[in-house]
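Breakdown of the fold
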Amino acid sequence: MLAQGLPGAEEAHSRVVRGECLFTLVWQIHEGHYAGVDLSGLGVVSIGEFKGNMWVGDPNAMMKLMFYIDAKADSDQRRALESIFIGKEGGWPGKFGSLISEVRSIEYAPIRFEAPADLAHWRAEIPGRVKVGARALTGPTADPNRRVQLINAPGAEVGPGQVATWGVVEDDLATGFDFSHAYKGGSSKHFPFDWRP
């Protein structure tokens, strides 16, 4: 289990192609610690492919992915983030990590994350490797001053009971994993998260 909290925000961009979910997940830790190691202000990006349906207990549902860990993390922070996000430390990340069948690689790169308080958009960038972003979902009958949100989403990559703000993918550059494909126009979700025990 995580020793301290990891309040932050996560965005998920995905598109279902041929029964597979292709995704880029981005986590930005606003404030958090693990075993005395400060993780505040650090980010993690995962690119991968998901087969099956993890949300209904499909025993064949598994992920193949890679991780980018924030380059500004020192060696202790890198070890902590790797251990948490691969699922070795339990809690929700442990449940999610149990669905990883293969980690293709772990690399270190600068990660920029942007999500204004009104959640009109959200985006993340690793120069030359990843540029993903979405604008908040809206429509002709939606109040332009309110976001399309779902409370207690049935599919939340950060765990149960979260609030999902829905968006549409505008930027979809994600290199470094051979199963990634373009998913501009696909679904995007923004979640706050808190992994304190």
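Residues numbered from 1 in each chain as written. Predicted model: local features only at pLDDT ≥ 70, side-chain atom pairs only at ≥ 80, totals over all residues. Heavy atoms only, no water.

What follows concerns the overall build of the protein chain. Scanning the protein chain from N- to C-terminus turns up 2 helices and 13 strands. The proportion of buried residues among the 197 residues of the protein chain is 47%. Summarising the internal contacts of the protein chain: among those between residues at least 6 apart in sequence, 62% fall at separations of at least 24. (Helix = DSSP H or I, 4+ residues; strand = E, 2+ residues; numbered from the N terminus. Buried < 20%, exposed > 50% of the residue type's maximum accessible area, 1.4 Å probe, protein only. Contact = heavy atoms within 4.5 Å.)

This brings us to the packing of aromatic side chains. The full count for this structure, using the stated rule, is 4 aromatic pairs. Residues W27 and F85 carry aromatic rings whose centres are separated by 4.8 Å and whose planes lie at 55° to one another, so their mutual orientation is tilted. Of this pair, W27 sits in strand 2 (residues 20-29) while F85 sits in helix 1 (residues 75-86), and the two are 58 residues apart along the sequence. Of the residues examined, F85 reaches a relative accessible area of 6% and is grouped as buried. Aromatic pair F193 and W195: ring centres 4.6 Å apart, planes at 40°, arrangement tilted. Overall, the relative accessible area of 8% leaves W195 in the buried class. Among the aromatic residues, those joined into a cluster by ring pairs are W27, F85, F193 and W195. (Phe/Tyr/Trp six-rings, centres within 6.5 Å; stacked < 30°, edge-to-face > 60°.)

Glancing now at helix 1. For helix 1, spanning 12 residues, the distance from its first C-alpha to its last is 16 Å, which sits close to the expected 16 Å at 1.5 Å a residue. All buried positions along helix 1 are accounted for by Q77, A80, L81, S83, I84 and F85. Between the side-chain oxygen at the start of helix 1 and the backbone nitrogen of D76 there is a gap of 3.1 Å, and the oxygen is on D74. (Expected span 1.5 Å × (residues − 1). Polar contact = N/O pair within 3.5 Å; in protein donor to acceptor, adjacent residues only side chain to side chain.)

Enumeration over the complete set of coordinates arrives at 2 cavities of 30 Å³ or more. Here the largest cavity defines a volume of roughly 50 Å³. As for the largest cavity, its lining consists of W27, F85, W92, P93, F96, G97, E157 and W195. Of all the elements, helix 2 (residues 91-97) adds the most residues to the lining of the largest cavity, at 4 residues. Of the pockets and cavities examined, the second largest cavity occupies roughly 30 Å³. What lines the second largest cavity is simply L25, W27, S46, L65, F67, F85, F96 and I100. Split by residue class, the lining of the second largest cavity holds 7 nonpolar, 1 polar and no charged. (1 Å grid on protein atoms, 1.4 Å probe; cavity = no way out; pocket = protein on both sides within 12 Å on 5 of 7 lines; lining within 4 Å. Points joined across faces, edges and corners; volume = space filled by probe spheres on them. Nonpolar A, V, L, I, M, F, W, Y, C, P; charged D, E, K, R; others polar.)

Interpretation note: all reported values are geometric properties and have no functional meaning in isolation.
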